[in-house]
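Breakdown of the fold
Here is what each chain is made of, one letter per residue.
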Amino acid sequence: MERNSKKEIWFVTGSQHLYGAEVLKQVAAHAATIVDTWNAEAGFSAPMQLKPVVTDPDAILKVCLEAGASPDCVGLVVWMHTFSPAKMWIRGLNVLSKPLCHVHTQFNAAIPWENIDMDFMNLNQSAHGDREFGYLMTRMRKRRKIITGHWKSPELQAELGTWIRVALGWNEMQHLKVARLGDNMREVAVTEGDKVDAQIRFGTAVNGYDSSDVLRYLEGLSGSAVEALMEEYEAQYVLSPELRKGGEKRKSLEEAARIELALQSFLEEGGFGAFTDTFENLGNFVQLPGIAVQRLMAKGYGFGAEGDWKTAALLRAMKVMSGGMAGGTSFMEDYTYHFSGSRSLVLGAHMLEICPSIAAGKVSCEVHPLGIGGKADPVRLVFDGAAGPAINASLIDMGNRFRLLVNEVHSVDPEQQLPKLPVARVLWDPMPNLSVAASAWIMAGGAHHTVYTQALTTAYMEDFAEIAGIELLVIDEQTRMRDFKDLLHANEAYYQLFQHGF
Ligand code: MN
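What counts, and at which threshold
Residues numbered from 1 in each chain as written. Predicted model: local features only at pLDDT ≥ 70, side-chain atom pairs only at ≥ 80, totals over all residues. Heavy atoms only, no water. Helix = DSSP H or I, 4+ residues; strand = E, 2+ residues; numbered from the N terminus. Contact = heavy atoms within 4.5 Å. Core = buried A, V, L, I, M, F, W, Y, C linked by side-chain atoms within 4.5 Å. Buried < 20%, exposed > 50% of the residue type's maximum accessible area, 1.4 Å probe, protein only. Pairing = 2+ DSSP bridges. Axes fitted to C-alpha atoms, helices over the stretch in contact; angles between N-to-C directions. Phe/Tyr/Trp six-rings, centres within 6.5 Å; stacked < 30°, edge-to-face > 60°. Lys NZ or Arg CZ within 6 Å of the ring centre and 35° of its normal. Donors = N, O, S within 2.8 Å, 3.2 Å for Na, K, Ca; no water. Polar contact = N/O pair within 3.5 Å; in protein donor to acceptor, adjacent residues only side chain to side chain. Expected span 1.5 Å × (residues − 1). Arc of directions from axis to C-beta. Parallel < 35°, antiparallel > 145°, perpendicular 65-115°, else oblique. Left-handed = near helix turned anticlockwise from the far one by under 90°. Salt bridge = Lys/Arg side-chain N within 4 Å of Asp/Glu carboxyl O.

**Regarding the environment of isoleucine 34**
Counting through the fold element by element, isoleucine 34 comes out in helix α1 (residues 21-41). Sequence separation between isoleucine 34 and tryptophan 151 is 117 residues, and the spatial gap between their C-alpha atoms is 7.2 Å. Every residue in contact with isoleucine 34, bar those within four places of it in the chain, is listed here: Phe11, Trp79, Phe107 and Trp151.

Here's what the structure looks like:
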């Protein structure tokens, strides 16, 4: 499901008339060179669109209004090549509705020691021009990203590339529709939340449906489509013997394929990018969707189990941010622990719904009883998650704000085989260790459901929280419980004072 093909980032250079036409011509030429070079070499996920140099309040207002009105523009990169008196920017910034990244760079890298004169000084003023602009944005309490460095440097391009991916994810969230099939798992607290507040904050619309809304798509299903999907299963996964042609559970595989096709049609026709279900509201589903959910996640849909719409929406946004990157991204749950003196680990899994994008090695397709929900045995994909660095991210509703909690982890290969565990799983070592990580996570109210990703790092979540204007808490190698508690207290006060954030 590709929806970002036409998106773009606008590059806006600020200046003023004081320098005369000749200098402004050079400013425009330099901006064009930067944009052309980035588009050719930086590998950004969305192209950079050069906008005319702005030198007065009307031009600034115009570009900010146009950015807001453009469905293709997902963010602005702004740079003051020269000095641009920042009061000129107030009207524009007041109406700007797209994410803003302030790239603090200058055209030349080194000082031309031999040749530097006052003409050069007049042209290359970002060191103070960007400070004037920064003051105004800070004074206006504008949330934005600041990146400092030379525009050709791989470090700056990588940082900007991260922000562009996050801007694409944010844009997706602004238009995202989440379908909830059934309500919340009864009496569960953390998967609940204020859907109106979420729509105001993230733009995401969350609405309820039931099994009949999905299963009516079964009526139009052709037998050949179901056959073709089962053949795809055979080609991609190792089917357990009872699911193969002539096997005694072949019917379960057929039912799973029918559910997948119906679910996909329902999502496509409704324009949904994410969905939830719950084993307590399955209605006329014959089995809890297992392989269907897993494969739809692999195609880019967001998903949350037990009605968890916040995780479903976050997963979709993170799927968009990580589009085309190495490493998978999945719905996840902290399931059980391996306490051990040297290194304690978390086994992450779910009843069924882990995305095969995080799989290492073979993926098998199996059918087993579920034990809860009272439905037929669901077909699911079973695999081990790949080893390597990853993060777990949890979005929770604190009542007066949304909090994004991130734990950096290192996934490892299982110490032994798990021959009797009939679900996909991944084993990780949470930073700084399980003792601190779990205590801090619980103290922060982090959910048992998360988005687990090996593609994105904390840097992406930091940019995301900044754009969304929500609280971010990170548990990493540096986390100490005493400091973390102080941070919780400080944030509590901050968000009471500034209910809508900066
Ligand atoms: Mn769960």
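Once you've had a look at it, read on.
**Description of the nonpolar core**
Trp38, Met48, Leu160, Phe202, Phe275, Leu404 and Phe464 are the most contacted members of the largest nonpolar core, which totals 85 residues. When sequence neighbours within four positions are dropped, the list of residues in contact with phenylalanine 464 reads Val166, Trp170, Met173, Phe202, Leu314, Met321, Leu404 and Ile470. Met332, Ile358, Val367 and Ala438 belong to the second-largest nonpolar core, a separate cluster that totals 29 residues.

**Comments concerning the sheet that holds strand β3 (residues 73-80)**
One open sheet accounts for five strands, arranged β2-β1-β3-β4-β5; its pairing is parallel. With one partner strand each, in any of the chains shown, β2 (48-50) and β5 (145-148) form the two edges of the open sheet. The average angle at which neighbouring strand axes cross in this sheet is 30 degrees, direction not considered. The sheet contact formed by strand β4 (residues 100-104) and β5 spans four bridges and is parallel. Within β5, the residue paired with histidine 102 across the bridge is isoleucine 146.

**Quick word on the packing of aromatic side chains**
Counted under the stated rule, the structure contains 19 aromatic pairs. The structure contains a cluster of three or more aromatic residues connected by ring pairs, namely Phe11, Trp38, Phe44 and Trp79. The ring of phenylalanine 272 carries the charged tip of lysine 177 above its face, separated from the ring centre by 5.1 Å.

**Some points on the sheet that holds strand β9 (residues 274-276)**
Strand order in the open sheet formed by four strands is β7-β6-β9-β10, with parallel pairing between adjacent strands. Strands at the two margins of the open sheet, each flanked by one partner only, are β7 (205-209) and β10 (302-304). Taken over all neighbouring pairs, the strand axes of this sheet differ in orientation by 20 degrees on average, direction set aside. Pairing analysis gives three bridges linking strand β6 (residues 177-181) to β9, with the strands arranged parallel. Across the sheet, residue arginine 180 finds its bridge partner in β9, namely threonine 276.

**Description of the coordination of the manganese ion**
For the manganese ion, the full set of protein donor atoms is Glu306 (OE), Glu333 (OE), His350 (NE2) and His449 (NE2), and the range of their distances to it is 2.1 to 2.2 Å. Donor residues for the manganese ion sit on one chain with the sequence pattern E-x26-E-x16-H-x98-H. With glutamate 333 in strand β11 (residues 329-338) and histidine 350 in the loop between β12 (345-349) and β13 (359-367), the pair connects residues that are 17 residues apart, well separated along the chain.

**Some words on the pairing of strand β15 (residues 388-397)**
Where burial is concerned, most of β15 is hidden: eight out of the 10 residues are buried. Across 10 bridges, β15 lies against strand β16 (residues 402-412) in antiparallel orientation. Bridged to alanine 390 within β16 is valine 409. The hairpin formed by β15 and β16 contains four residues between the paired strands, and glycine 399 there has a positive phi angle of roughly 95 degrees.

**A look at helix α13 (residues 434-443)**
One turn of an α-helix holds 3.6 residues; hence residues three or four places apart share an orientation. Within the sequence span of α13, burial applies to Leu434, Val436, Ala437, Ala438, Ala440 and Trp441. One side-chain oxygen of the residue at the start of α13 lies 3.1 Å from the amide nitrogen of serine 435, identifying that residue as asparagine 433. Glycine 445 sits one or two residues past α13 and shows a positive phi near 80 degrees.

**Section: α1**
The terminal C-alpha atoms of α1 lie 30 Å apart, and with 21 residues this matches the ideal 30 Å at 1.5 Å per residue to within 8%. Buried within α1 are the following residues: Val23, Leu24, Val27, His30, Ala31, Ile34, Val35, Thr37 and Trp38. Down the axis, α1 shows its buried residues gathered within 165 degrees of arc, on one side only. Among the exposed residues of α1, those oriented more than 90 degrees off its buried face are Ala21, Glu22, Lys25, Asp36 and Ala40. Tucked inside the fold, the buried residues of α1 contact β1 (8-14), β2, β3, β4, α4 (118-123) and α6 (154-175). Phi for glycine 43, located one or two positions after α1, is positive at around 70 degrees.

**A word on unusual backbone geometry**
Of the consecutive residues methionine 431 and proline 432, the connecting peptide bond is found in the cis state with omega at -5 degrees. Tracing the sequence through the fold places proline 432 in the loop between β17 (425-430) and α13. Of note in the backbone geometry, arginine 141 takes a positive phi value of approximately 55 degrees without being a glycine. Considering the arrangement of structural elements, one finds arginine 141 in the loop between α5 (126-139) and β5. Even without being a glycine, glutamate 187 presents a positive backbone phi close to 70 degrees. Tracing the backbone through its elements, the reader meets glutamate 187 in the loop between β6 and α7 (195-202). Overall, the relative accessible area of 81% leaves glutamate 187 in the exposed class.

**What about the packing of helix α10 (residues 250-270) against helix α11 (residues 291-298)?**
Between α10 and α11, the least distance of the axes is 8 Å, while the angle of their chain directions is 45 degrees. Here α11 runs oblique to α10, going by the angle between their axes. Handedness of the crossing formed by α10 with α11: right-handed. Of α11, the residues touching α10 (which contributes Ala256, Ile259, Glu260, Leu263, Gln264 and Leu267) are Ile291, Ala292, Arg295 and Leu296.

**Looking at the pattern of salt bridges**
One pass over the structure, following the stated rule, counts 18 salt bridges. Between glutamate 172 and arginine 316 there is a salt bridge, with its nearest N and O atoms 2.9 Å apart. Of this pair, glutamate 172 sits in helix α6 while arginine 316 is found in helix α12 (residues 309-321), placing the two residues 144 residues apart along the sequence. In this structure arginine 316 comes out as buried when scored by relative accessible area, which is 3%. With a shortest N-O distance of 2.8 Å, arginine 295 and glutamate 260 are connected by a salt bridge. With arginine 295 in helix α11 and glutamate 260 in helix α10, this residue pair connects regions lying 35 residues apart in the sequence. Of the two residues, arginine 295 and glutamate 260, neither departs from the other in class, the shared state being buried.

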